[in-house]
Amino acid sequence: MLMDISQFKSILSSFADEPTDVDVRLGRVVAELRGEVIDVRVSYKDSDASSILVHENDAVIPARTWIINRIARLPQLADRILALPLSQKFESPQSVFVSPRGRMTRDIADEELIDQDVDARESLLKIASNPVPGATSVFYLTSDAGEGKTTLIAKVAQEQARRFKAKEVPSLVVPIPLGGKAFLTFDDAVIAALVNKLRFPYLYFDAFINLVKMGLIVPAFDGYEEMLVEGDKGEAVSSLGGLVQSLDSAGTIILSARKAFFEYVSFKTQAKLLDAIGDRSAMFGRLSLTRWRIDEFTSYGERRGRDDASDIYYLIEDRLGKAHPLLTRAVLVKRLFDVLEKEDGAEVVDLLGVNPSDYFYTFVNAIVKREAEEKWLDKDLMEPLLAIEDHHVLLSAISMEMWQTSSLSIRYDLLDVVVDIYLDGRKKGASHARQVKERIRQHSLLSVDPSRSNSVSFDHEDFQSFYLGEALGGLVFAKHKGDIRSFFSVGIVPMVTIEQAVQSLLRQGGDPADAVATLQEIDSEEYGFTFIKENCGSLVCRLLECLGGSTHGIEVRGIIFPVGGLAGKVLAKIDFIKCHFQPTGVGRSKFDKIRFISCEFERLEVDSPTSLRGCTFRDCQVDSIVLNDVQSFDPGVIRGVIGESGGGIEDGSTGGMTFDGILVDDERFKILEKFLRFFMRSTYMDETFIRLRLGKISAPVFMDEMLPDLIDAEVVDEVRWKGQGVQRRYKLKLAMSDIAIALEASGSTFEGFIQAAEAQLSRQT
């Protein structure tokens, strides 16, 4: 990267307390940085104004190298990354690392890099070391929880730091945990990671951004999806958009997430980010981790010293199935081998097979049993300090305290208070209480928080979610409405916690119908959109599956159901009255005698002629419907899709369409949607790429008939081509949020879209 003198001064100023602390004139630079006065001479190399040399202590150093070593102190930052407490875990036998495989799409315009099966670790290292000139690369690392995103980022950061120290690569990967802090902004996260976790207090956020733009630092934000889910609507997306805009078409960032933003169907969801990016050039890619297969499982087991790893795999596969999480999720595989160190493999597998639906409780119980009977022994009597069930209750209390304080860890003093409250009334002596307080800090399911040395956290988020679900299940079973309301008011409860709460309720012998009635009472006392109403909807949604249609029918009134609330559900004999459904598909669902009365659907996604069989709609409002990846807002089309998907409309009207003929009336509208989705992956599109992706049939229609209308309506704008040869390049001129509104008002026709887009433009002027 070349830099002129003004860029050099700007970069130096970002490290100073005040811009006036940096003075560049007459070939000298005088700056006060972190209390140190720096006085050096600068010159041009071979009279090249874009190549600056710094003269300091009889040494002549290129400006970029001088900034790296003298100002930014990146070699020291590399040492800090290598010294992270997490890196020490990789040296222990229990924490061997197996690089997962993944499906990578790096550049939408490069067919050779679409959906390749790759080694995830090596791929991330290449991404971090090879920035794309002229664009900000936003790379998503996606997978479900417990499949190794955090561990992979840590290993990549450490390996990159080693290579940086050896001068093999030009950049560092800096892991930045977002940790589900709901209202966190990226600058807070960056400084917290640098100062609290890495003990590196030398960078302001502006300096950090400059180093990212220079390609010297690649930030890896871990837990981005938690900001998206828990924060105010659009907060995390707009924060990311602002970050990309500040990078000014340079640098690379990695986002660990459950889902990449461009995978969402709704244009509204994506528009928040794309509008915030503005006219900056950005490219979006994704590495989707694949779940472990037999190769990864046996490799891990062999590194743990188990010669029979493949036998264990086949034993679990025969008993629980090939796709069972104990075989496919890295965090559970690790814990499985922990248990197998002391237990016979066949006995453990048989135990898990007794109740497959509640396997996680059985699995955790095996870990806790080993802890209670082998480690938690009274020093005097050599008897267990706590029974196995007491361990579960105490860990549930700890998870509840973390939840109530919106934290992923708990300080030692608060931990002692939780233990005292738990032991109060159990008539145990002071010696017993002291031993419990000592042992709880070393519990196998807890670990010291690396960013807060006086705190502990659960060893993995799965264990915290499990015990939080156990606590919630107990509250629902006891019908403690006040405690449930207090629990729900904290924030959005993760779905894994909802699932565990249901399993806990059923294990205790609770009646799902009674639980639904209790939650409806709580919901009816709330007004507007609140955490309590949303969490009630999530839990009711899961409990309805447990009814099994064995009742004479149940009414559900006024519930707000979560995203995907009807997907994959088996429901029978339920009347939904005045309920609100957030965007949901109905794939793999089975319905019997289901009635929707005066309900609202934000978006309904169907995929077959039987998707809605067994459902009846009366006086319902469906804002949009999606069929075969095509979205329509037209009421007539919506009624037609519902009817031809097996759903009943009580007035008997279905729109008179056949399933195969729905949503294909205007082929140009389908081409338009496909074209607009290109901009979810890149802010600029070349003519060659557009023709390639639209195909031989659709491309001429778009380029000759549609593109001129889009340019005239100021939806699309042509920008100057800066590359070789003759080429045309386009960008969106109308904000994506306005495009989303125009799509809704288009009536699923291209002409309707043009009119709606022009109407949006006229409102702005």
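Rules behind the numbers
Residues numbered from 1 in each chain as written. Predicted model: local features only at pLDDT ≥ 70, side-chain atom pairs only at ≥ 80, totals over all residues. Heavy atoms only, no water. Helix = DSSP H or I, 4+ residues; strand = E, 2+ residues; numbered from the N terminus. Buried < 20%, exposed > 50% of the residue type's maximum accessible area, 1.4 Å probe, protein only. Contact = heavy atoms within 4.5 Å. Areas by Shrake-Rupley, 256 points an atom, 1.4 Å probe, with all protein chains shown as cover. Expected span 1.5 Å × (residues − 1). Polar contact = N/O pair within 3.5 Å; in protein donor to acceptor, adjacent residues only side chain to side chain. Core = buried A, V, L, I, M, F, W, Y, C linked by side-chain atoms within 4.5 Å. Pairing = 2+ DSSP bridges. Phe/Tyr/Trp six-rings, centres within 6.5 Å; stacked < 30°, edge-to-face > 60°. Lys NZ or Arg CZ within 6 Å of the ring centre and 35° of its normal. Salt bridge = Lys/Arg side-chain N within 4 Å of Asp/Glu carboxyl O. Arc of directions from axis to C-beta. pLDDT = per-residue confidence, 0-100.

Let's shift gears to the overall build of the protein. A count of helical and extended segments in the protein gives 30 helices and 31 strands. Counting over 765 residues, the protein shows a buried share of 53%. In the protein, the proportion of contacts linking residues at least 24 apart, taken out of those at least 6 apart, comes to 61%. Surface summary for the protein: the accessible area is close to 33,500 Å², and the carbon and sulfur share equals 49%.

Moving on to helix α24 (residues 512-524). Taking 1.5 Å as the rise per residue, α24 with 13 residues should run 18 Å; its terminal C-alpha atoms sit 18 Å apart, in good agreement. Where α24 is concerned, the buried positions are Pro 512, Ala 515, Val 516, Thr 518, Leu 519, Gln 520, Ile 522 and Asp 523. Against the buried residues of α24 lie α21 (461-478), α22 (481-488), α23 (495-507), α25 (531-545) and β16 (554-557). Two or three places before Ala 513, at the opening of α24, Asp 511 has a side-chain oxygen 3.0 Å from that residue's backbone nitrogen.

A few words on the nonpolar core. Ranked by internal contacts, the top residues of the largest apolar core, which has 84 residues, are Phe 8, Leu 74 and Leu 77. At 6 residues, the largest contribution of residues to this core is made by helix α6 (residues 149-165). The next biggest cluster of nonpolar side chains, apart from the first, holds 54 residues, and it includes Val 502, Ile 574, Phe 596 and Ile 649.

Bringing the sheet that holds strand β15 (residues 455-458) into the picture now. Strand order across the open sheet formed by 3 strands is β13-β15-β14, with antiparallel pairing between neighbours. Each edge of the sheet is formed by a strand with only one pairing partner; in this case those strands are β13 (410-411) and β14 (446-448). Direction of pairing for β13 relative to β15: antiparallel, over a ladder of 2 bridges. Bridge assignment links Ile 410 to a residue of β15, and that residue is Val 456.

Looking at the element boundaries, Ile 388 is found in helix α18 (residues 388-404). A residue is classified by how much of its surface remains accessible, and Ile 388, at 23% relative accessible area, is partly exposed. Through-space distance from the C-alpha of Ile 388 to that of Val 368 is 6.5 Å; in sequence the pair is 20 residues apart. Ignoring any residue separated from it by four or fewer positions in sequence, one finds Ile 388 in contact with Asn 365, Val 368, Lys 369, Ala 372 and Glu 373.

Before going further, it helps to spend a moment on the sheet that holds strand β31 (residues 729-732). One open sheet holds the 3 strands; their spatial order is β29-β31-β30, and the pairing between them is antiparallel. Edge strands, defined here as strands with exactly one partner in the open sheet, are β29 (685-686) and β30 (716-719). The pairing of β30 with β31 spans 4 bridges and is classified as antiparallel. Looking across to β31, one finds that Asp 717 is bridged to Lys 731.

A separate point is the environment of Asp 709. Relative to the helices and strands, Asp 709 is located in helix α28 (residues 687-712). Remark: the alpha-carbon pair of Asp 709 and Phe 750, spanning 41 residues in sequence, is separated by 9.8 Å. Leaving out residues up to four positions away in the same chain, Asp 709 has contacts with Phe 750 and Ile 754.

What follows deals with the packing of aromatic side chains. In the structure shown here, the tally under the stated rule is 27 aromatic pairs. For the ring pair Trp 292 and Tyr 300, a centre distance of 5.9 Å and an interplane angle of 50° mean the geometry is tilted. Accessibility expressed as a relative area gives 7% for Trp 292, which makes it buried. Using a relative accessible area of 3% as the deciding quantity, one classes Tyr 300 as buried. Pairing Phe 576 with Phe 581 gives two aromatic rings, centres 5.6 Å apart and planes at 75°, and the pair type is edge-to-face. For Phe 576, a relative accessible area of 1% puts it in the buried group. Taken together, the aromatic side chains of Trp 292, Phe 297, Tyr 300, Tyr 313, Tyr 314 and Phe 337 make up a single cluster linked through ring pairs. Cation over ring: Arg 73 sits above Tyr 202, and NZ or CZ is 4.4 Å from the ring centre. Arg 441 extends its terminal NZ or CZ atom over the ring of Tyr 412, reaching a point 4.1 Å from the ring centre.

This part takes up the side chain of Gln 520. Residue placement: Gln 520 occurs in helix α24. For Gln 520, a relative accessible area of 17% translates into the label buried. Sequence-distant contacts of Gln 520, that is, excluding residues within four places in its chain, are made with Glu 555, Val 556, Arg 557 and Ile 559.

Moving on: the pattern of salt bridges. Enumeration according to the criterion identifies 37 salt bridges in this entry. In this structure, the salt-bridge partner of Glu 159 is Arg 121, at a minimum N-O distance of 3.6 Å. Placement of Glu 159 in helix α6 and of Arg 121 in helix α5 (residues 120-129) is noted, with a sequence separation of 38 residues between them. Arg 306 serves as the salt-bridge partner of Asp 308, at 3.0 Å between the closest nitrogen and oxygen. Overall, the relative accessible area of 26% leaves Asp 308 in the partly exposed class. Each of Arg 121, Glu 122, Glu 159, Arg 162 and Arg 163 takes part in one network of salt bridges that share partners.

Glancing now at the pairing of strand β1 (residues 22-25). Within a regular strand, the side chains alternate between the two sheet faces. Of the two faces of β1, the one holding Val 22 and Val 24 is buried and the one holding Asp 23 and Arg 25 is not buried anywhere. Sheet topology places β1 next to strand β2 (residues 28-33); 4 bridges connect them, and they run antiparallel. Residue pairing for β2: Val 22 is matched across the bridge by Ala 31. In this antiparallel pair of consecutive strands, β1 and β2, the connection spans 2 residues, and Leu 26 shows a positive phi of 55°.

For helix α7 (residues 186-197), spanning 12 residues, the distance from its first C-alpha to its last is 15 Å, which sits close to the expected 16 Å at 1.5 Å a residue. Regarding α7, the residues found buried are Phe 186, Ala 189, Val 190, Ala 193 and Leu 194. In a view along the axis of α7, the buried residues occupy a sector of 120°, so they form one face of it.

Let us look at the pairing of β31. Side chains Tyr 730 and Leu 732 project from β31 onto a buried face, and the interleaved Arg 729 and Lys 731 project onto a face without burial. As judged from the 2 bridges shared by β29 and β31, these two strands associate in the antiparallel manner. Its bridge partner lying in β31, Asp 686 is registered against Arg 729.

In this model, the protein carries an average pLDDT of 82, and 85% of its residues clear a pLDDT of 70 or more. Here residues 87-94 is a poorly scored stretch, pLDDT under 50, and it has 17 contacts once near neighbours within four places are set aside; other chains count. Note that residues 108-113 has pLDDT below 50 and, in this model, 11 contacts with residues that lie over four places away or in other chains.

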